[in-house]
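So you can see what is in the structure, the chains are spelled out below.
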Amino acid sequence: ARVEDLERWGEDPEGYTVDVSRSSPDADVRAAGQGLLLALVEAEESKSLALNLLATRMRDYDEQRSAAEREARSASETERGGIGVGKYVCDLEILKWDAIYTAAGVASSSLSGFEFVEWFGNSLGPSLTVIIQGAASSNSNNSILPVLRHRIVWLLGCWVSSLDAPSRPQVYAALASVLSLTDAKSDAAVRLACVETIGGAFEDWDFDAASFQGLAKPVVEAMYGLMRGLEELESLTTVLQTIGALVARMNRHLGVEAANAVVQ
């Protein structure tokens, strides 16, 4: 992430999200870099090396846990060795893992042999829990952008089709939990990423409606709550379309309370 991107995020999380969704390789360095990565993991001459390097980093659970712990606690720029972005501090170790997670999401279709379920159980899920619990217990007035919270939620959307039956309820619950948070570190960028990932789960052929049944009502309520703070038409449309997808995919599993929440 570039400093200017982080500044934009800090100033206007929703606007930043819309900017990212509109970016193209012809006009945006971030999108062009992701295109280059795709070329590397798809080309015969480079894909083996690129994918092996990426998979090796993805299996470094200790470093991922360390980065999550760094995001979970707010501290000063000097203490963290980070860079100042407006009123926020961005830790360089966190930004490194944001880049690795981005690569893992962009290249997900090429990493077909990687055990995502194991990765979620041993690293991504616990890291997300550490970030959320740490932020909730932090008494510091300093703050950092929720970079990894946002990126892990986005990453789950890239790999949702790789989930097995036992892991689906865990991922659904994690997404519902993040979406329902209203603290400063679950800003519009994080919650919109969560909405998109949940929407991707509804589109997955193996979506488990029965496992989502108990989450339907709080998820609908959280989405409507999010909408009250949104201004961009694209954002509002995304949330409404996701609510519509929820109703369609849940079908007979929707339940009376969730149905009432939809038509509130």
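Right above here is the structure, for reference.
Report on the accompanying structure.

How each quantity is defined
- Residues numbered from 1 in each chain as written.
- Predicted model: local features only at pLDDT ≥ 70, side-chain atom pairs only at ≥ 80, totals over all residues.
- Heavy atoms only, no water.
- Buried < 20%, exposed > 50% of the residue type's maximum accessible area, 1.4 Å probe, protein only.
- Helix = DSSP H or I, 4+ residues; strand = E, 2+ residues; numbered from the N terminus.
- Contact = heavy atoms within 4.5 Å.
- Expected span 1.5 Å × (residues − 1).
- Core = buried A, V, L, I, M, F, W, Y, C linked by side-chain atoms within 4.5 Å.
- Axes fitted to C-alpha atoms, helices over the stretch in contact; angles between N-to-C directions.
- Parallel < 35°, antiparallel > 145°, perpendicular 65-115°, else oblique.
- Left-handed = near helix turned anticlockwise from the far one by under 90°.
- Phe/Tyr/Trp six-rings, centres within 6.5 Å; stacked < 30°, edge-to-face > 60°.

## With respect to helix α2 (residues 13–22)
Residues Pro13, Glu14, Gly15, Tyr16, Thr17 and Val18 constitute the buried set of α2. Taken together, the buried residues of α2 touch α1 (3–11), α3 (29–42), α11 (188–203) and α13 (233–250).

## Section: α13
Since the α-helix turns once every 3.6 residues, residues separated by three or four places project in the same direction. Given a rise of 1.5 Å per residue, 18 residues ought to cover 26 Å, and the 26 Å separating the end C-alpha atoms of α13 matches this to within 8%. Check the buried side of α13 and you find it contacts α2, α11, α12 (209–227) and α14 (256–262). Phi turns positive one or two residues past the end of α13, at Asn251, with a value near 50 degrees.

## Quick word on the nonpolar core
Core analysis: the largest hydrophobic core is formed by 80 residues, its most contacted members being Trp119, Ile198, Phe212, Val219, Val239 and Leu246. The element best represented in this core is α12, accounting for eleven residues. Setting aside its immediate chain neighbours within four residues, Leu246 contacts Phe202, Phe212, Ala216, Val219, Val220 and Leu254.

## Observations regarding the packing of helix α5 (residues 61–72) against helix α7 (residues 92–106)
Where α5 contacts α7, the axes come no closer than 9 Å and their chain directions differ by 125 degrees. Taken together, the axes of α5 and α7 are oblique relative to one another. Regarding α5 and α7, the two cross each other, and that crossing is left-handed. Across the interface between the two elements, Glu63, Gln64, Ala67, Arg70 and Glu71 of α5 pack against Glu93, Ile94, Lys96, Trp97 and Tyr101 of α7.

## Here's the deal with the packing of aromatic side chains
Under the criterion given, the structure shown has 13 aromatic pairs. Ring geometry for Trp97 against Tyr101: centres 5.7 Å apart, planes inclined by 50 degrees, an arrangement best described as tilted. On the criterion of helical spacing, the pair formed by Trp97 and Tyr101 is a turn pair, its members being four residues apart in helix α7. Classification of Tyr101 as buried rests on a relative accessible area of 1%. Aromatic side chains Tyr172 and Phe212 sit 5.6 Å apart centroid to centroid with 75 degrees between the ring planes, which places their arrangement in the edge-to-face category. Remark: Phe212 occurs in helix α12 and Tyr172 occurs in helix α10 (residues 168–180); sequence separation between them is 40 residues.

## Let's talk about the environment of Ala174
Mapped onto the elements, Ala174 comes out in helix α10. For the pair formed by Ala174 and Met250, sequence separation is 76 residues and the distance between their alpha carbons is 18 Å.

Nothing here speaks to function; it is all geometry.
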